[in-house]
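Close look at the chain arrangement
Here is how the chains run, residue by residue.
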Amino acid sequence: MRSVVSYALIAIVGGFVGATVSKGDDLYQRVVSHFSSAPADPDGFWSTPAVDGYGKIHYEPDAAFKPVVGLSNKVVFQITRSEGEMTRPNLGLERVARVVNLYIASGVPADDLHFVVSVTGDATPAMLDNAHFQQFYQADNPNLALIGALNKLGVKVSVCDQSVAFHHFPRAWIDPSVIHALSSPTTVSTLENQGYALLQM
Amino acid sequence: MRPASYIVIAALAGFVGGNVLQLPDLVDKVSDKFADKKSEPADFWSTPAIEGYGKIHFVNVPDYNPATTPGLSNKIVFQINRNEGDVRQPNLGLERVARVTNLYYAAGVPLDQLKFVVSINSDAVPAALNNEQFRKTYGTDNPNL
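Residues numbered from 1 in each chain as written. Chains lettered and ligands numbered in written order. Predicted model: local features only at pLDDT ≥ 70, side-chain atom pairs only at ≥ 80, totals over all residues.

1. A look at the interface of chain B and chain A
Heads up, the condition is: A pair of residues counts as a contact when their C-beta atoms, built from backbone coordinates, are within 7 Å of each other. Numbering of helices and strands runs from the N terminus, with a helix taken as a DSSP run of H or I at least four residues long and a strand as a DSSP run of E at least two residues long. Just so you know the grouping, Ala, Val, Leu, Ile, Met, Phe, Trp, Tyr, Cys and Pro go in nonpolar, Asp, Glu, Lys and Arg go in charged, and all remaining residues, Gly too, go in polar.
Opposite the 19 residues of chain B that make contact, chain A presents 18 residues. Those elements giving two or more residues to the side of chain B that touches chain A turn out to be strand 1 (75-80) and helix 2 (92-107) of chain B. With four residues, helix 2 of chain B is the single largest residue contributor to the side of chain B that touches chain A. Class assignment of the residues belonging to the side of chain B that touches chain A gives a composition of eleven nonpolar, five polar and three charged.

2. Considerations on the confidence of the model for chain B
Residues and elements named next belong to chain B. Rules: For every residue, the pLDDT score states the predictor's confidence, bounded by 0 at the bottom and 100 at the top.
Predicted confidence across chain B gives a mean pLDDT of 85, with 74% of residues reaching 70 or more. Low pLDDT, under 50, characterises residues 28-36; the predicted model gives this stretch one contact beyond four residues in sequence or across chains. Interface predicted TM-score (ipTM) for the complex: 0.76; the corresponding pTM is 0.77.

3. Focus: the nonpolar core
Soluble globular proteins: nonpolar side chains tend toward being buried together. Residue and element names in this part refer to chain A. Our working rule: For the purposes of this analysis, a nonpolar core is taken to be any set of buried Ala, Val, Leu, Ile, Met, Phe, Trp, Tyr and Cys residues that are connected through C-beta atoms within 7 Å. Exposed residues have 12 or fewer other C-beta atoms within 10 Å of their own C-beta, buried residues have 20 or more, and partly exposed residues fall in between, where C-beta atoms are placed from the backbone.
Residues Val-96, Val-100, Val-119 and Leu-150 are the most contacted members of the largest nonpolar core, which totals 55 residues. Take this core: its biggest share by element is seven residues, from helix 2 (residues 91-105). Non-local contacts of Val-119, meaning those with residues more than four positions away in its chain, are made with Ile-79, Thr-124, Ala-126, Met-127, Val-157, Ser-158, Val-159 and Cys-160.

4. Details of the sheet that holds strand 1 (residues 74-79) of chain A
Residues and elements named next belong to chain A. Rule in force here: Pairing between strands requires that DSSP locate at least two bridges from one strand to the other. An axis is simply a line fitted to the C-alpha atoms; with a helix, the fit covers only the stretch in contact. Between two such axes, the angle follows the N-to-C directions and lies from 0 to 180 degrees.
Strand order in the open sheet formed by five strands is 4-3-2-1-5, and the pairing between neighbours is parallel. Each edge of the open sheet is held by one strand with a lone partner, namely strand 4 (179-181) and strand 5 (197-200). Averaged over all pairs of adjacent strands, the angle between strand axes in this sheet comes to 30°, irrespective of strand direction. Pairing geometry for strand 2 (residues 114-119) and strand 3 (residues 156-160), over four bridges, is parallel. Across the sheet, residue Val-119 finds its bridge partner in strand 3, namely Val-159. Along the sheet, helix 6 (residues 184-192) contacts strand 1, strand 2, strand 3, strand 4 and strand 5; its crossing angle with strand 1, the most-contacted strand, is approximately 165°.

5. Re the packing of helix 2 of chain A against helix 4 (residues 143-152) of chain A
Residues and elements named next belong to chain A. Applicable threshold: Angles below 35 degrees are treated as roughly parallel, those above 145 as roughly antiparallel, those between 65 and 115 as roughly perpendicular, and all remaining angles as oblique. Left-handed is the label given to a crossing in which the near helix is rotated counterclockwise from the far helix by less than a right angle, and right-handed is the label when the rotation is clockwise.
Closest axis-to-axis distance for the helix 2/helix 4 pair is 11 Å, and the angle between their directions is 25°. It follows from the interaxial angle that helix 2 and helix 4 lie roughly parallel. In this structure, helix 2 crosses over helix 4, and the sense of that crossing is left-handed. Residue-level contacts link Leu-93, Val-96, Ala-97 and Val-100 of helix 2 to Asn-143, Leu-146 and Leu-150 of helix 4. Each residue belonging to the contact of helix 2 with helix 4 can be placed in one class, and the counts come to six nonpolar, one polar and no charged.

Shown next as structure tokens:
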């Protein structure tokens, strides 16, 4: 009798362990598939047609609400944050580059874009010239090449002088490619009063 | 038993000692955060239109300047829906409205040309209570009035 009970117990325990192990494999697979890369995009899926190397887009020619020639195409972008590493370009600036790429991919010529970027708050250090950025972050300012590329397309980049003052940066520490504005709110209101659309980055 | 307690005491003492040594460093870090290390000259900040609120550092510039841009309506609606910091201090959103007003005025736009409307909602609503009700709720005068 005793041996029967033991066999039964062993069988139950064995079954339980077996079930857990097979379940474990299922779990393992789920975890693995979660972390492994998504299906690969074909070559040419992403592109940066106007701002080379920044703000990659996937362009769909038949998408709705595309930018069109004939609008004022006045846009003011406000960037207030600094996300991620300082050794990478500011994500807000990358998003501006993405919008520029999308407008130009949609067929609006760069000459027709009236784009102004207003940088303020935590994003202000990204506007430092290289020497002073080096001093604070021991690295070259990764935003300057992007600002240069935007400027070349006629996109103006401005900084909030109030934020510059709150950061205790002398005005001369801001890179010469950046326009000084009284403040970001007055930049946005002045431009909105002239018919610009506000995009909060 | 004895040696074990010695070890425990020694370990504790070492831990305390280590922390005490770290302390000046910690205090420095904390005070650095709060001290205004770089002292600006007395007239660096000003509040030309709304005295005592929304301090600005005014340096005139030509670009995106409401005073040098002709034909502006100067119509602005400010939406304040948050309540940050100490309720005994003026709402930070209202301070920012004061800052913008100071900037427009400093730039040279006459105050009677500003068409500014502040819209307060959500978490910022208690700031609009009358003084009596504000006192009942927070035990202090309403600093926003």
